[in-house]
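Each chain, letter by letter, is given below.
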Amino acid sequence: MALLAALFISAAHAQLPDKLAACAGCHGADGNSVIAGTPSIAAQPKIFLENYLVMTREGVRGTKEMQALLKGVPDKEIVALSLHFSKLKTKIPDGKTDQTLFNKGKGIAAKNRCASCHDSNFHGHEQMPRLAGQREEFLAEMMLQYRQNRRPGGDTMMSATLYGIPEADFKALAHYFSRLK
């Protein structure tokens, strides 16, 4: 069974260079985005990436640009892309840590039990995304979208969780998560 899976992944990898180049254009060759508003995808859990890419391909999530890039991409290539990016190392975004904001975000995350879904180190697991090392402005915007029910294909659990957190605290949460390794 393991050999069959390895052959499946190897066949898909043969078709990946063009797809990887397209991904690198926005998300960085190493999966660490340097473009404001564009998420880093390095070290995201494989299942999270697979789910996100399938939902984007099907038009449920993602931007119009991502939907166009993924249109018609077979599942085996999505599995291979997800495996590739899940194995890359994340980098902490540039910029100085504001210790007051970091500590405030840490307290808010603990109070609201963010680790109960995103893992104790905020690396995510299975279908839950990694928050540690993600772009700060991206995290703040996603929290706002969830809170305002503007996140296409969004999870109602996240909307409910963010409901009790003042929007002004999203900056502190985003700063905290973005500075974690």
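Parameters and conventions
Residues numbered from 1 in each chain as written. Predicted model: local features only at pLDDT ≥ 70, side-chain atom pairs only at ≥ 80, totals over all residues. Heavy atoms only, no water. Helix = DSSP H or I, 4+ residues; strand = E, 2+ residues; numbered from the N terminus. Buried < 20%, exposed > 50% of the residue type's maximum accessible area, 1.4 Å probe, protein only. Expected span 1.5 Å × (residues − 1). Contact = heavy atoms within 4.5 Å.

Caption draft 1: Looking closely at unusual backbone geometry. Look at A43: it is not a glycine, yet its phi comes out positive at around 65°. Tracing the sequence through the fold places A43 in the loop between helix 2 (16-27) and helix 3 (46-57). By relative accessible area, A43 is classed as buried at 16%. The backbone phi angle of F122 is positive, close to 60°, even though this residue is not glycine. For F122, the position within the fold is in the loop between helix 7 (115-118) and helix 8 (136-147). Residue classification places F122 among the buried positions, given a relative accessible area of 6%.

Caption draft 2: Region of the structure containing helix 8. Between its first and last C-alpha atoms helix 8 spans 17 Å; for 12 residues at 1.5 Å apiece the expected length is 16 Å, and the two agree. Taken residue by residue, helix 8 has E136, F138, L139, M142, M143, Q145 and Y146 as its buried positions. Structurally, helix 8 contributes buried residues whose contacts are with helix 9 (156-163) and helix 10 (170-178). Looking one or two residues beyond helix 8, the residue adopting positive phi is N149, at roughly 55°.

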